[in-house]
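An overview of the molecular structure
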Amino acid sequence: MKRWQESMTPGAQHKMLEESVGTWDAEVKMWMNGPKGEPMVQREQAKAKWSLGKIPSTGFHRGDDGTALRGNGIHRLRQFKKKYVSFWIDNMSTGMSTMDGVLDKDGKSVTMWGK
């Protein structure tokens, strides 16, 4: 029970998520054919909001380069496993994506992997 309670309490890594609250111009890079290929680059406007209490977790994206992209994501830190997770849906497909990630060594960014 003690471990469960600790995992439910926001920690230092949640502070990084808190800093993402706001509206941002973003450049998103996705490697659709593995890390050796060329990335697909999408310019977007992203907005992160508070959701479900004191943890910022919801992001809204729209294509900023003439595309019709509209997407919503839920981004959280799984405190128990010290990993970031993301759930994503958008208007470009009928599917849903999940990703897992870790805080990079610089302590300033999270790299996510998904299928």
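All figures in this text were calculated on a predicted structure; none of them were measured in a lab.

Once that is clear, we can look at the overall build of the protein chain. Counting its secondary structure elements, the protein chain contains two helices and seven strands. With respect to the principal axes defined by its C-alpha atoms, the protein chain has extents near 50 × 30 × 30 Å. Every one of the 115 residues in the protein chain was classed for burial, and the buried ones make up 21%. Look at the contacts in the protein chain between residues 6 or more apart in sequence, and 24% of them connect residues 24 or more apart. Accessible surface for the protein chain amounts to roughly 8,600 Å². Of this, 56% is attributable to carbon and sulfur atoms. Taking the average location of the 19 positive side-chain charges in the protein chain and that of its 13 negative ones, the two points are 8 Å from each other.

Next up on the list: the pairing of strand S5 (residues 83-90). The sheet contact formed by strand S4 (residues 70-78) and S5 spans eight bridges and is antiparallel. The partner of His 75 across the bridge, within S5, is Ser 86. Remark: four residues form the turn of the hairpin made by S4 and S5, two consecutive strands paired antiparallel; Lys 82 in that turn has positive phi of roughly 55°. The pairing of S5 with strand S6 (residues 96-103) spans six bridges and is antiparallel.

Along the chain, Glu 6 turns up in helix H1 (residues 2-8). Along the chain, Glu 6 and Ser 51 lie 45 residues apart, while their C-alpha atoms are 20 Å from each other.

If you walk through the whole model with that rule in mind, you get two salt bridges. With a shortest N-O distance of 4.0 Å, Lys 29 and Glu 27 are connected by a salt bridge. Classification of Glu 27 as partly exposed rests on a relative accessible area of 42%. Between Glu 27 and Arg 43 there is a salt bridge, with the nearest N and O atoms lying 3.1 Å from each other. Note that Glu 27 is positioned in strand S1 (residues 22-30) and Arg 43 in strand S2 (residues 40-51), a separation of 16 residues in sequence. By sharing partners, the salt bridges in this structure join Glu 27, Lys 29 and Arg 43 into a single network.

The rules behind these values
- Counting of residues starts from 1 at the beginning of each chain's written sequence and follows it residue by residue.
- Given that the model is predicted, a residue must reach a pLDDT of at least 70 before its local features are reported, and side-chain atom pairs must reach 80 or more before they are shown or counted; all residues, however, enter totals for whole chains, interfaces and linings.
- Heavy atoms throughout the structure, all of them, feed into the side-chain values; hydrogens and water do not.
- Secondary structure elements follow DSSP: runs of H or I no shorter than four residues count as helices, runs of E no shorter than two count as strands, and numbering proceeds from the N terminus.
- Relative accessibility thresholds used throughout: buried, under 20% of the residue-type maximum; exposed, over 50%; partly exposed, between the two (1.4 Å probe, protein chains only).
- Contacts between residues were defined by any pair of non-hydrogen atoms, one from each residue, lying within 4.5 Å.
- Using the Shrake-Rupley algorithm and a 1.4 Å probe, accessible areas are obtained, with residue cover drawn only from the displayed protein chains.
- Here the positive residues are Lys and Arg and the negative ones are Asp and Glu; neither His nor the chain ends is included.
- The atoms used to mark charge sites are NZ of Lys, CZ of Arg, CG of Asp and CD of Glu.
- The rule for pairing is simple: two strands pair if DSSP sees at least two bridges between them.
- Within this document, salt bridges are pairs made up of a side-chain nitrogen of Lys or Arg and a carboxyl oxygen of Asp or Glu, the two lying within 4 Å of each other.

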